[in-house]
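For reference, the chains in residue letters:
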Amino acid sequence: MGKQTVSRTRAGIAGVVGAVVAFGIAELVHGLYPSVPSILVSIAQRIVELTPGGLVTAGIELLGTADIPTLIATVLLGTVVITFLLGNLAVRHQALALAGVAVLAAVAIAAALADPFVPTVPTVITIVGALLAGSTVTGLLVRVASPRPMAPPSKEEASLTAEPGSAASPVMRSREAGSDERIFVGRGGFLLLGGGAAVAGLAAAGVGRLLGGGTVESAARPKKLNLPEAPDEKQPAGKGGQEEAQKAKGKSVTHETLPQPPADASIDVPGMPDLITPASSFYLIDTALTSPRIDVNNWKLSVKGAVDNPVEFSYKDLLGMPTREADITLSCVSNTIGGGLVSNGRWTGVLLSDVLEEAGMSRDKITSASRQLVGRSVDGFTAGFKTDIALDGRNALVAFGLDGSELPIKHGYPVRLVIPGLYGYVSATKWLTEIELTNWNFDAYWIQRTWSKEGPVKTQSRIDTISDGDNLSAGKNPIGGIAWAPHRGIEKVEVSTDGGQTWNTARLAKQLAEDTWRLYIYDWDASPGDYTIQVRATDGNGETQTAQEAPPHPSGATGNHTIEVTVG
Ligand SMILES: Nc1nc2c(c(=O)[nH]1)N[C@H]1C(S)=C(S)[C@@H](COP(=O)(O)O)O[C@H]1N2
Ligand SMILES: [Mo]
C-alpha cells in the first residue's frame with residue numbers, strides 16, 4: 001500500500017532531480033560562457049514580457065523590489081511541479097515523458113533565442129545537452145527506484161509495470177524483486193544516486209552563478225570617464241579649466257564640467273539624503289532580469305524615422321562631441337508616497353538636441369510624423385515622449401556618465417537617455433541603441449501595459465529624518481527631507497505636525513538646479529504627545545502638490561507623505 005505511494009513520490013523526485021541536473025549544467029555553461037544565457041533567467045524574462053501589463057504592474061506594486069526573486073521562485077516551483085509529473089509519466093509512458101522533455105526543450109530554446117544577442121548554436125546545444133543529461137538521470141533513478149514484486153501486483157503496480165517501454169531491465173528486476181530488504185537496498189541506491197545527482201546539479205549551478213551571472217555585474221566598477229581632449233584645449237592638469245574650455249572658440253569640442261555643489265545646497269542633519277546620489281546607491285528599475293552586456297566597439301546609436309538625415313553614432317563619435325555635466329533628479333512613476341524610487345544624479349552626456357541636429361531635426365521641423373521621440377534599448381524596451389521636450393532647451397541628455405564615471409552596467413552602460421521632468425518609464429531608456437522619430441500613435445513598452453502616455457513628474461516631497469512609528473524624546477527634532485518637481489523647481493516646502501491643520505514653512509537648502517530635488521528642514525521643538533506629521537511642496541510655478549491620494553498607476557502617486565510619531 002505504502003509502497004505504491006513511495007513509488008510515485010520517488011518517480012516524481014527522480015524527475016525533479018533530473019531537472020536539477022539539467023539546470024545545473026545550463027547554469028555552469030552560462031557561468032563559463034556568459035553569452036549563453038541562463039535558461040532560468042530567460043524563461044522568467046519571457047514571462048515578464050508575455051504577462052498582461054496590468055498583471056505585471058500589479059505585481060510590481062504588490063511586491064516592490066521582491067518582484068524578481070518572487071518570479072524566479074515561481075519559475076523554479078513550476079519546474080518542480082512539471083518535472084515531478086514528468087517523472088511519474090516516465091514510469092508509465094516513457095515515450096510521452098520524452099515528448100514532455102522535448103516540449104520543455106522547445107520552450108527553453110524559444111525563451112533563450114527571443115533575445116537577439118544570444119548565439120543560436122551554443123545555446124541550443126547547451127539546452128538539448130542539459131535536458132538529455134537530466135532525462136538520463138531521471139531514467140536511471142526511475143529504474144533504481146522501481147520495485148518489481150514477483151507476487152501478483154496490485155492494480156496500480158500492474159499499471160506501473162505493464163508498459164513495455166517503461167519496464168526496468170531484467171537484471172534490475174531480478175535484483176530488486178520481492179523482499180523488503182531488497183527494496184530497502186533499492187531505496188538506498190535511489191537515495192545515493194538521487195542525492196548525489198541533486199548535489200552535483202546544485203553544485204554546478206552554484207559554480208555557474210559564481211563564475212558569471214550576478215557577481216560579475218556587481219563586481220564590475222565603472223571606469224572613470226575618459227573624454228578625448230579637444231585639439232586646442234590647453235587645460236592645466238587638475239581642477240578647474242572648464243571655463244577656458246567653454247570659451248574655446250570655433251568648432252573645438254568642449255567638455256563642460258560642473259563645480260562642486262555649493263555647501264548650502266546640502267543640509268547636514270542625521271537621516272538627510274545626500275544632495276547627489278552616489279552611483280552605487282542610485283535606485284534601480286527595469287524589466288531586464290540581467291543587464292545586457294554591450295561591447296562599445298560593436299555598439300551603435302542610430303537616429304532614424306521622420307528625420308531628414310538618418311545618422312549613426314559610434315561610442316567614440318559621441319564622446320568626441322561637445323559634452324556637459326548636468327544634475328538631474330530621476331524618478332519612477334511606480335514610486336509610492338514616501339518611497340525610494342527617486343535619486344539625484346550628476347550625469348555626463350551630449351545634448352539630445354545636438355544629436356538630433358546631426359540628423360537634420362530641429363524644433364521648427366517637428367511635424368505630426370515626428371511628434372514622438374522613441375528610445376529603443378538593445379533589450380527591446382522602448383520609451384517615448386514629445387519630441388518638443390528634447391528641443392525646448394532643457395538638459396535632455398544622451399548620457400554616458402554618472403558621477404564622473406562611465407554608466408554602471410545596470411544603469412544603462414554604455415549610453416542612456418535622461419530627460420529632466422519626465423518619469424523614467426517614458427524617457428530614460430537604458431542600453432540605448434536607437435532613437436526613432438515617429439508619430440504619436442506608437443505606444444511604447446509601459447503604455448502598451450496601460451500606464452499613462454505622457455509622464456510628467458508630479459511635485460512630491462518626502463520626510464527623511466524621522467520615520468513612521470518613531471518614539472522621540474521631547475525637544476529638538478528636526479523634520480527634514482527632499483522635495484522635487486524636476487524642471488519646475490521647488491519654491492516652498494511646508495511641514496505640519498497636526499495632521500495638516502496648520503503648516504510651518506521649512507527652511508530650504510539652495511536649489512542646485514531646477515531639474516533636481518531640493519533639501520528642506522523644519523526645526524521642530526517637540527513637546528510630549530502623539531503627532532501626525534506631513535510635508536507638502538510648492539513648485540516653481542507656485543503650484544502646491546495635491547493632498548488628494550492616488551496610487552502610482554497610471555500616472556504617478558499623489559498625496560502628502562504622512563507619518564505618526566510619539567514624543568515622550
Ligand atoms: N532598457 C530599459 N530602460 C529603462 C527601463 C527598462 O526597463 N529597460 N526602465 C525605465 C524606468 S521605468 C525607470 S524609472 C528608469 C530607472 O532608471 P535607473 O534604473 O537607472 O534608476 O529607467 C527607465 N529605462
Ligand atoms: Mo519607472
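The following refers to the structure shown. (Residues numbered from 1 in each chain as written. Chains lettered and ligands numbered in written order. Predicted model: local features only at pLDDT ≥ 70, side-chain atom pairs only at ≥ 80, totals over all residues. Heavy atoms only, no water.)

Some details on the overall build of the chain
Argument step 1. The secondary structure content of the chain amounts to 16 helices and 22 strands.
Argument step 2. Taken across its 568 residues, the chain has 50% of its residues classed as buried.
Argument step 3. Counting only carbon and sulfur atoms, one obtains 59% of the accessible surface of the chain, whose full area is about 26,300 Å². (Helix = DSSP H or I, 4+ residues; strand = E, 2+ residues; numbered from the N terminus. Buried < 20%, exposed > 50% of the residue type's maximum accessible area, 1.4 Å probe, protein only. Areas by Shrake-Rupley, 256 points an atom, 1.4 Å probe, with all protein chains shown as cover.)

Details of the sheet that holds strand 18 (residues 507-508)
Argument step 1. Spatially, four strands are ordered 12-15-19-18 in an open sheet, and the strand pairing comes out antiparallel. The open sheet has two edge strands, strand 12 (460-463) and strand 18, and neither has a second partner.
Argument step 2. With two bridges joining them, strand 18 and strand 19 (residues 518-522) adopt antiparallel strand pairing. Across the sheet, leucine 508 pairs through a bridge with tyrosine 520, a residue of strand 19. (Pairing = 2+ DSSP bridges.)

Focus on the site of ligand 1
Argument step 1. Close contacts around ligand 1 come from 19 residues, with Tyr283, Thr287, His411, Arg416 and Lys430 the closest.
Argument step 2. The contact in question runs from an oxygen atom of ligand 1 to an N or O atom on the side chain of histidine 411, over 2.7 Å.
Argument step 3. At 2.9 Å, a backbone N or O of alanine 428 approaches a nitrogen atom of ligand 1.
Argument step 4. For ligand 1, the protein covers 99% of the area, taking 540 Å² as the surface of the free molecule.
Argument step 5. Grouping the amino acids of the shell around ligand 1 by side-chain chemistry returns 10 nonpolar, five polar and four charged. (Near = heavy atom within 4 Å. Polar contact = N/O pair within 3.5 Å; in protein donor to acceptor, adjacent residues only side chain to side chain. Nonpolar A, V, L, I, M, F, W, Y, C, P; charged D, E, K, R; others polar.)

Things to note about the packing of aromatic side chains
Argument step 1. The final tally for this structure, using the stated rule, is nine aromatic pairs.
Argument step 2. Between the aromatic rings of tyrosine 423 and tyrosine 425, the centroid separation amounts to 6.4 Å while the plane-to-plane angle is 35°, which identifies the pairing as tilted. Across the pair, exposure class does not vary: tyrosine 423 and tyrosine 425 are buried alike.
Argument step 3. Taken together, the aromatic side chains of Phe381, Tyr423, Tyr425, Tyr445, Trp446 and Trp451 make up a single cluster linked through ring pairs.
Argument step 4. Across the ring face of tryptophan 440, the terminal group of lysine 386 is positioned such that the distance to the ring centre comes to 5.6 Å. (Phe/Tyr/Trp six-rings, centres within 6.5 Å; stacked < 30°, edge-to-face > 60°. Lys NZ or Arg CZ within 6 Å of the ring centre and 35° of its normal.)

A few points about the pairing of strand 16 (residues 490-496)
Argument step 1. Counting buried positions along strand 16 yields five of seven residues, so the element is predominantly enclosed.
Argument step 2. Of the pairings in the sheet, the one linking strand 16 to strand 21 (residues 529-539) comprises six bridges and is antiparallel in character. What sits directly across from serine 496, in strand 21, is glutamine 534.

So, the pattern of salt bridges
Argument step 1. By the definition in use, this model includes 14 salt bridges.
Argument step 2. Ionic pairing is found between aspartate 539 and arginine 488, a salt bridge with its closest N-O pair at 3.0 Å. With aspartate 539 in strand 21 and arginine 488 in the loop between strand 15 (479-484) and strand 16, this pair connects stretches of sequence that are 51 residues apart.
Argument step 3. Arginine 488 gets classed as partly exposed once you look at its relative accessible area, which sits at 24%.
Argument step 4. The partner of aspartate 523 in a salt bridge is arginine 507, with the nearest N and O atoms 3.4 Å apart. Here aspartate 523 is found in the loop between strand 19 and strand 20 (525-526), whereas its partner arginine 507 is found in strand 18, with 16 residues between them in sequence.
Argument step 5. Residues participating in the shared-partner salt-bridge network are Lys304, Arg376, Glu434 and Glu436. (Salt bridge = Lys/Arg side-chain N within 4 Å of Asp/Glu carboxyl O.)

Some words on empty space enclosed by the protein
Argument step 1. Using the criterion set out here, one finds four cavities of 30 Å³ or more in the structure.
Argument step 2. Of the voids in this model, the second largest cavity is the one considered here, and its volume is about 90 Å³.
Argument step 3. Per-class residue counts for the lining of the second largest cavity are seven nonpolar, six polar and one charged.
Argument step 4. Looking at which domains feed residues into the lining of the second largest cavity, each of domain 2 (225-438) and domain 3 (460-567) gives three or more. (1 Å grid on protein atoms, 1.4 Å probe; cavity = no way out; pocket = protein on both sides within 12 Å on 5 of 7 lines; lining within 4 Å. Points joined across faces, edges and corners; volume = space filled by probe spheres on them. Domains from an automatic or database assignment.)

Notes on a nonpolar patch on the surface
Argument step 1. Judged by side-chain polarity, Leu32, Tyr33, Val207 and Leu211 come together as a nonpolar surface patch covering roughly 390 Å² of accessible area.
Argument step 2. Considering the arrangement of structural elements, one finds leucine 211 in helix 9 (residues 180-211). (Patch = residues over 30% accessible without salt bridge, like charges linked within 9 Å, V, L, I, M, F, W, Y side chains within 5 Å.)

As for the packing of helix 2 (residues 39-50) against helix 4 (residues 67-92)
Argument step 1. Two numbers describe how helix 2 lies on helix 4: the axes approach to 10 Å, and their chain directions differ by 110°. Our classification of the angle between helix 2 and helix 4 gives roughly perpendicular. Between helix 2 and helix 4 the crossing geometry is right-handed. Across the interface between the two elements, Leu40, Ile43, Ala44, Ile47 and Val48 from helix 2 touch Leu71, Ile72, Val75 and Leu76 from helix 4.
Argument step 2. Residues of the contact of helix 2 with helix 4, tallied by class, amount to nine nonpolar, no polar and no charged. (Axes fitted to C-alpha atoms, helices over the stretch in contact; angles between N-to-C directions. Parallel < 35°, antiparallel > 145°, perpendicular 65-115°, else oblique. Left-handed = near helix turned anticlockwise from the far one by under 90°. Contact = heavy atoms within 4.5 Å.)

In short, the description is geometric, and any link to function would need to be established separately.
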